[in-house]
Amino acid sequence: MKMGSMPIAVLMQRRTLQHRWADEAWEAVGVVPDRGDLPPLQVLSQTPERDYYLVSGLELELYPDENEGYYENCVAPESKVFVLWRMENGRAMPVRASVSYVEGTRMFDSGENADGVTMPAEVYAWLAGYLREHYQPKPRRGRQHG
């Protein structure tokens, strides 16, 4: 059962490389809340060396069975939004995003393209509010000897 959601847009980047096996590199480099006024794809800058474009239409969704992963991400030294993306028509396009550390790990382990980007303060506040209302961390047990 979905407990909450937040529309977002993902900032993607293409960089030209001087490498013998690849001409360019793609990655998600940022996330912003989407207030509903963003086009599906907006090119922000385009040069031969680097392109930036914003892709809207994604949603961060919160489910109770991922609470432990949300908590681990929230208390991490640098909280992340995890973005899974695929190449479509010659451009890297985000297809899924999550604030669960566990789901982010699954994205990285899947063999698909995924990046962790710094979580914006507004997303962090939304996630922390959800956790305060819907999650109680399990007490950590000390090391048992014997």
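Residues numbered from 1 in each chain as written. Predicted model: local features only at pLDDT ≥ 70, side-chain atom pairs only at ≥ 80, totals over all residues. Heavy atoms only, no water.

- The name an unreviewed UniProt entry gives the protein chain is DUF3305 domain-containing protein, with Telluria mixta as the organism.

1. So, the side chain of E66
Okay, so step 1: Along the chain, E66 falls in the loop between β4 (50–62) and α1 (67–74).
Okay, so step 2: Excluding its chain neighbours within four sequence positions, the residues that come into contact with E66 are S100, V102, E103 and R106. (Helix = DSSP H or I, 4+ residues; strand = E, 2+ residues; numbered from the N terminus. Contact = heavy atoms within 4.5 Å.)

2. Focus on the packing of α1 against helix α3 (residues 121–134)
Okay, so step 1: At a minimum axis distance of 10 Å, the contact between α1 and α3 shows a crossing angle of 130 degrees. With respect to α3, the element α1 is oriented oblique. Like other packed secondary-structure pairs, α1 and α3 cross with a definite hand, here left-handed. Counted together, N67, Y70, Y71 and C74 of α1 and Y124, L127, A128, Y130, L131 and H134 of α3 form the full contact between these two elements.
Okay, so step 2: Among the residues forming the contact of α1 with α3, the class breakdown is eight nonpolar, two polar and no charged. (Axes fitted to C-alpha atoms, helices over the stretch in contact; angles between N-to-C directions. Parallel < 35°, antiparallel > 145°, perpendicular 65-115°, else oblique. Left-handed = near helix turned anticlockwise from the far one by under 90°. Nonpolar A, V, L, I, M, F, W, Y, C, P; charged D, E, K, R; others polar.)

3. Here we look at the sheet that holds strand β7 (residues 113–118)
Okay, so step 1: The strand order across the open sheet formed by three strands is β6-β5-β7, and the pairing between neighbours is antiparallel. Because the sheet does not close on itself, it has two edges, and the strands there are β6 (91–98) and β7. In this sheet, neighbouring strand axes are inclined to one another by 35 degrees on average, regardless of whether the strands run parallel or antiparallel.
Okay, so step 2: Note: strand β5 (residues 80–88) against β6, seven bridges, orientation antiparallel. Following the sheet pairing, F82 is matched in β6 by S98.
Okay, so step 3: Sitting on the sheet, helix α2 (residues 101–109) is in contact with β5, β6 and β7, with an inclination near 30 degrees to β5. (Pairing = 2+ DSSP bridges.)

4. Quick notes on the sheet that holds strand β1 (residues 4–16)
Okay, so step 1: Spatially, the four strands line up as an open sheet ordered β2-β1-β4-β3, and their pairing is antiparallel. Each end of this open sheet is capped by a strand with a single partner; those strands are β2 (24–33) and β3 (41–46). Taken pair by pair, the neighbouring strands of this sheet meet at an average axis angle of 30 degrees, ignoring direction.
Okay, so step 2: When β1 meets β4, the two strands line up antiparallel, connected through eleven bridges. Each residue of the ladder has a partner; that of P7, found in β4, is E59.

5. Some thoughts on the environment of A92
Okay, so step 1: Within the secondary structure, A92 is located in strand β6.
Okay, so step 2: For A92, a relative accessible area of 0% translates into the label buried.
Okay, so step 3: Linking A92 and E133, residues 41 residues apart in sequence, is a C-alpha distance of 36 Å. (Buried < 20%, exposed > 50% of the residue type's maximum accessible area, 1.4 Å probe, protein only.)

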